[in-house]
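Listed here are the chains, written in short residue letters.
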Amino acid sequence: MDVREAMLKRRSIREFNDKPLPDESIRELLQSAMAAPSAHNRQPWEFYVVKNRPLQERLRRVSRYSNMNSSLIIIVAGNQQRFMAPPASDFWVQDCSAAVENLLLSATSLGIASCWCGLFPSSGASGKVREILGLEGHIIPMALIHLGYSDLVAAPRTQYDEARVHLIGETGQTPE
Ligand SMILES: Cc1cc2nc3c(=O)[nH]c(=O)nc-3n(C[C@H](O)[C@H](O)[C@H](O)COP(=O)(O)O)c2cc1C
């Protein structure tokens, strides 16, 4: 599957079956995630791969929007010790988001269903995940990713909307 096909086929899936993900697939997902671009190539991310069922049960309850029965949860977190100096430190969210999207596209290409659940900047949800996993204070959980196989199939689609495209200086004139 090429990247464009994966982009259109990637949809948030919120119901999973019990089939576990093979370790080779999990490694491929993480390799894809870590291939992402990052500001100054800081790679300020950490990935917590949670296979343990009781921990998954606790994690999925950190917010009412994250309660899904996936077979695997990966927490993507920013590592403050790898951030750039302020104000460029804020780039970490973009860096980690690029990694998340890479991971999701890779999952789609492997026939793995996924759902990105946001944690940061909700300090409640992010803090609960830190507590459940026993993470140190410089680790900021930013996304909870549900992964697994699903019997559901969502229609591929683009959300292209021409009204959101703004052509600047098409006539050769400098915009005011
Ligand atoms: C930053 C972010 C946070 C999200 N948080 C949640 C969430 O907590 N629960 C959920 O079910 N979906 C969550 N989503 C998924 C969106 O609801 C979904 O991407 C959107 O509705 C578009 O649907 P699609 O993913 O099928 O294209 C999140 C997506 C992003 C990018």
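A short tour of the structure in this document, coming up. Throughout this document, residue positions are counted from 1 along each chain, in the order its sequence is written. Reporting in this predicted model follows two pLDDT cut-offs: at least 70 for local features of residues, and 80 or more for side-chain atom pairs to be given and counted; totals over whole chains, interfaces and linings ignore these cut-offs and use all residues.

1. Focus on the sheet that holds strand 3 (residues 113–118)
Note the threshold: Paired strands, as defined in this entry, are two strands with at least two bridges between them according to DSSP. Segments assigned H or I by DSSP are reported as helices when at least four residues long, segments assigned E as strands when at least two residues long, and all are numbered from the N terminus. To obtain each axis, a line is fitted to C-alpha atoms, and for helices this fit is confined to the stretch in contact; angles are then taken between N-to-C directions over 0 to 180 degrees. The contact criterion used here is simple: two residues whose C-beta atoms, placed from the backbone, lie within 7 Å are in contact.
With antiparallel pairing, four strands are arranged side by side in an open sheet as 1-2-4-3. Edge positions in the open sheet fall to strand 1 (45–50) and strand 3, since each of these has one partner strand only. Adjacent strand axes in the sheet meet at a mean angle of 25°, parallel and antiparallel pairs treated alike. Sheet topology note: the strand 3/strand 4 (residues 139–148) ladder contains six bridges and is antiparallel. Counterpart to alanine 113 in the pairing with strand 4 is glycine 148. Each of strand 1, strand 2 (72–79), strand 3 and strand 4 touches helix 4 (residues 91–109); the most contacted strand, strand 4, lies at about 10° to it.

2. As for the site of the ligand
For clarity, the cut-off: Placing a C-beta atom from the backbone of each residue, we mark the residue near a molecule or strand if the atom is within 6 Å of it. Classification used: nonpolar for Ala, Val, Leu, Ile, Met, Phe, Trp, Tyr, Cys and Pro, charged for Asp, Glu, Lys and Arg, polar for all others including Gly.
Taken together, Arg11, Ser12, Arg14, Ser63, Tyr65, Ser66, Cys115, Trp116, Cys117 and Gly118 make up all the residues around the ligand. Residues of the shell around the ligand, tallied by class, amount to four nonpolar, four polar and two charged.

3. Looking at the pairing of strand 2
Threshold: In this scheme the burial state of a residue depends on its C-beta neighbours within 10 Å: 20 or more other such atoms mean buried, 12 or fewer mean exposed, and anything in between means partly exposed; the C-beta positions come from the backbone.
The element strand 2 is largely enclosed, with a buried count of seven among its eight residues. As paired elements, strand 1 and strand 2 share six bridges and run antiparallel to each other. Bridging from a neighbouring strand, tryptophan 45 pairs with glycine 78 of strand 2.

4. Considering the environment of histidine 138
Inspection of the secondary structure puts histidine 138 in the loop between helix 5 (123–133) and strand 4. The partly exposed category is assigned to histidine 138, around which 13 C-beta atoms lie within 10 Å. Between the C-alpha atom of histidine 138 and that of glycine 78, which follows or precedes it by 60 residues, the distance is 8.1 Å. In this structure histidine 138 touches Asn79, Gln80 and Gln81, once residues within four positions along its chain are discounted.

5. Looking at the nonpolar core
The following threshold applies: Joined through C-beta atoms within 7 Å, a set of buried Ala, Val, Leu, Ile, Met, Phe, Trp, Tyr and Cys residues constitutes a nonpolar core.
One finds Val76, Cys96, Val100, Leu103, Ala143, Leu144 and Ile145 to be the most contacted residues of the largest nonpolar core, which totals 35 residues. Elements represented by at least two residues in this core include exactly helix 2 (23–34), strand 2, helix 4, strand 3, helix 5 and strand 4. In terms of residues, this core owes the most to one element, helix 4, which gives eight residues. With near-sequence residues (within four places) excluded, alanine 143 lies in contact with Val76, Cys96, Val100, Trp116, Cys117, Gly118 and Leu119.

6. Section: the environment of lysine 9
On the secondary structure map, lysine 9 appears in helix 1 (residues 3–9). Its 17 C-beta neighbours within 10 Å are what place lysine 9 among the partly exposed residues. Distance from lysine 9 to isoleucine 112, taken between C-alpha atoms, is 11 Å for residues 103 residues apart in sequence. Excluding anything up to four places from it in sequence, lysine 9 contacts Thr108 and Pro156.

7. A look at unusual backbone geometry
It is generally the case that most residues other than glycine have a negative phi and that most peptide bonds are trans. Each neighbour pair has its own omega, and for proline 86 with proline 87 the value is 0°, a cis peptide bond. With respect to the helices and strands, the residue proline 87 is situated in the loop between strand 2 and helix 4. A cis amide bond links phenylalanine 120 with the next residue in sequence, proline 121, at an omega value of 10°. Turning to its location among the elements, proline 121 is positioned in the loop between strand 3 and helix 5. For histidine 40, which is not glycine, the phi dihedral falls at a positive 55°. On the secondary structure map, histidine 40 appears in the loop between helix 2 and strand 1.

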